[in-house]
Amino acid sequence: MRLALRIAALVLPTVLGTGSFAQTTLSQDIVGSTRPLSSDQESQVQSFASSQMKDLATGDPVVVIEARNTLVQTARRAGVTGVFLGSYSNAIMPEANAILADAGPMRAENTLRVLAFLRTPDALATLVDSTNPRSVGDAGRRLVAAGLLGVALGGNGQTGLDSGVLTSAARSIAENLASESDWIVALEDLRALNTIALDPALTKENRIEVRGVQFGAFQDLASRIEASTGPDEMVQAVYRAMLGLRGKLLDDSTAGDIENKQIASVLRIVLKDVADAAIKQWSGLAGNRRAYVAYEGVLRVGAQLLSLLEGRPDARADALRDGIEKGKSELADAVKNFGG
């Protein structure tokens, strides 16, 4: 719950809020420039960014919030261009990296929020790096970074987040997810992978690769769940991420494509692993309604996704859903018939 509150406090006010922000000091000629900035304009951007980043690095909490809001609102100004955001990002990133290396949670998490709105390859890479549990021990910071990935990926393509950059980001997110131990962070990682997979900037080949990476991440989590001796919280991430996929994954024009059938084969492994886990962990599920709902939900929603991917209903997948509702022996019979 504490992690969820941290991401809500840092993300939702910026994404959903309509309040006013501190005025910026950069002219519209700079933020709206479609040509490379002059040396004088670059100097103004550097001076402005450095001043705000210094406040973010050393100010009291009120000053930090004001600096953060000013930096974010500047990146969101009407008519802002990729030319400006590239220069702005170059001015911010060195000081942002210094804060992330040395500062405490409050300054670091507000810095991550600024980076999300730059929407440049460097800023995105730093956000992705901040979801790495091998180097970032604070699950709260990882959660904030992962939750902000959707913001960072929501730009209009002006700032260099091309197909190659997005595909590389997806690979790194999945690599970090493989070591993630907190299911709420894992959920945000999975959501970010789906956001990338839906990005129109992806080439057809890269979209296929990203979908493979995405479902490979589901498979890895399902394998970890199956290996657990008792109900595993990671199933909460898998279930909720599958709910997000439903209705967004495919439309009728793509159902049944060869690449979708290849992804479907991975999803079948996921469903079998989770069903096997439910059988092995049945006594634990019997006393944990929340966990049972998530395991049942994976099998139910997974069967729906499988029918979308294969272009037809799958009675054996539906039997997994029905089996977990009827009992352990019925689920075991359904797993034998499913085949994996």
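Treat the numbers as computed from the prediction; the structure is a model and nothing was measured.

As for the nonpolar core
Of all hydrophobic cores here, the largest spans 108 residues; its most connected members are Tyr88 and Ile92. When sequence neighbours within four positions are dropped, the list of residues in contact with Ile92 reads Ala49, Met53, Leu71, Val114, Leu115 and Leu118.

Observations concerning the packing of helix H5 (residues 82-102) against helix H7 (residues 121-129)
It is the contact of H5 with H7, at a shortest axis distance of 11 Å, that shows an interaxial angle of 10 degrees. With respect to each other, H5 and H7 are oriented roughly parallel. Here H5 contributes Met93, Asn97 and Leu100 to the contact with H7, which in turn contributes Asp122, Ala123 and Thr126. Residue composition of the contact of H5 with H7, by class: three nonpolar, two polar and one charged.

Quick word on the environment of Ala197
Relative to the helices and strands, Ala197 is located in helix H10 (residues 183-197). In sequence terms Ala197 and Glu209 are twelve residues apart; their C-alpha atoms lie 9.0 Å from each other. Among all residues touching Ala197, those that are not within four sequence positions of it are Leu202, Arg207, Val210, Arg211 and Gln214.

Points about the environment of Gly79
Structurally, Gly79 can be placed in the loop between helix H4 (61-75) and H5. The spacing of Gly79 and Ser33 is 46 residues in sequence and 8.8 Å in space, taken between C-alpha atoms.

What about the packing of aromatic side chains?
Any two aromatic rings considered together are summarised by their centre-to-centre distance and by the angle between their planes. Scanning the entire structure with this criterion turns up three aromatic pairs. Consider the rings of Phe84 and Tyr88, whose centres lie 4.9 Å apart with planes at 20 degrees: the pair is stacked. Of this pair, Phe84 and Tyr88 are both found in helix H5, four residues apart, which corresponds to roughly one turn of the helix. You'll find Phe84 and Tyr88 in the same group, each marked buried.

A word on unusual backbone geometry
Phi is positive for Arg119, close to 55 degrees, though the residue is something other than glycine. Summarising the element assignment, Arg119 is placed in the loop between helix H6 (105-116) and H7. Assessed through its relative accessible area of 24%, Arg119 is described here as partly exposed.

What about the side chain of Asp232?
Residue placement: Asp232 occurs in the loop between helix H11 (204-227) and helix H12 (234-245). No salt bridge is formed by the buried Asp232; the nearest opposite charge belongs to Arg224, separated by 6.3 Å. Among residues more than four places away in sequence, those in contact with Asp232 are Arg224, Ile225, Gln281 and Tyr295.

Topic: the pattern of salt bridges
Within this structure, the stated rule accounts for twelve salt bridges. A salt bridge links Arg134 to Glu175; the nearest nitrogen and oxygen atoms lie 3.6 Å apart. Of this pair, Arg134 sits in the loop between H7 and helix H8 (139-152) while Glu175 is found in helix H9 (residues 163-177), placing the two residues 41 residues apart along the sequence. Taking the relative accessible area as the measure of exposure, Arg134 reaches 45% and is therefore partly exposed. It is possible to trace a salt-bridge network through shared partners that takes in Asp318, Arg321 and Asp322.

Details of the side chain of Ser130
Mapped onto the elements, Ser130 comes out in the loop between H7 and H8. Given a relative accessible area of 7%, Ser130 falls into the buried group.

A short note on the confidence of the model for the protein chain
In this model, the protein chain carries an average pLDDT of 89, and 89% of its residues clear a pLDDT of 70 or more. Counting interchain partners and residues more than four positions distant, the pLDDT-below-50 stretch residues 7-23 has 26 contacts. Confidence drops under a pLDDT of 50 for residues 252-256, and excluding neighbours within four residues, the segment shows nine contacts in the predicted structure.

Some thoughts on H8
For H8, built from 14 residues, the straight-helix expectation of 20 Å at 1.5 Å per residue is met to within 8% by its first-to-last C-alpha distance of 20 Å. Most of H8 is tucked away, with 13 of its 14 residues classed as buried. The N-cap of H8, judged by a side-chain oxygen 2.9 Å from the amide nitrogen of Gly140 a few residues on, is Asp138.

Some remarks on the environment of Asn337
By the element assignment, Asn337 lies in helix H17 (residues 328-338). Of the residues examined, Asn337 reaches a relative accessible area of 55% and is grouped as exposed. In the structure, Asn337 is positioned 18 residues away from Ala319 in sequence and 8.8 Å away in space, judged by C-alpha atoms.

A word on the packing of H4 against H6
Their axes nearest at 9 Å, the elements H4 and H6 cross at an angle of 10 degrees. Taken together, the axes of H4 and H6 are roughly parallel relative to one another. On H6, the residues that touch Pro61, Val64, Ile65, Arg68, Leu71 and Val72 of H4 are Met106, Arg107, Asn110, Arg113 and Val114. Of the residues that constitute the contact of H4 with H6, the class distribution is seven nonpolar, one polar and three charged.

A word on H10
The end-to-end C-alpha distance of H10 is 21 Å, a good match for the 21 Å that 15 residues give at a rise of 1.5 Å each. With respect to burial, H10 is a largely interior element, 13 of its 15 residues being buried. With a side-chain oxygen lying 3.0 Å from the backbone nitrogen of Ile184, the N-terminal cap of H10 falls on Asp182.

Rules and cut-offs
- Residues numbered from 1 in each chain as written.
- Predicted model: local features only at pLDDT ≥ 70, side-chain atom pairs only at ≥ 80, totals over all residues.
- Heavy atoms only, no water.
- Core = buried A, V, L, I, M, F, W, Y, C linked by side-chain atoms within 4.5 Å.
- Buried < 20%, exposed > 50% of the residue type's maximum accessible area, 1.4 Å probe, protein only.
- Contact = heavy atoms within 4.5 Å.
- Axes fitted to C-alpha atoms, helices over the stretch in contact; angles between N-to-C directions.
- Helix = DSSP H or I, 4+ residues; strand = E, 2+ residues; numbered from the N terminus.
- Parallel < 35°, antiparallel > 145°, perpendicular 65-115°, else oblique.
- Nonpolar A, V, L, I, M, F, W, Y, C, P; charged D, E, K, R; others polar.
- Phe/Tyr/Trp six-rings, centres within 6.5 Å; stacked < 30°, edge-to-face > 60°.
- Lys, Arg positive; Asp, Glu negative; His and termini not counted.
- Salt bridge = Lys/Arg side-chain N within 4 Å of Asp/Glu carboxyl O.
- pLDDT = per-residue confidence, 0-100.
- Expected span 1.5 Å × (residues − 1).
- Polar contact = N/O pair within 3.5 Å; in protein donor to acceptor, adjacent residues only side chain to side chain.

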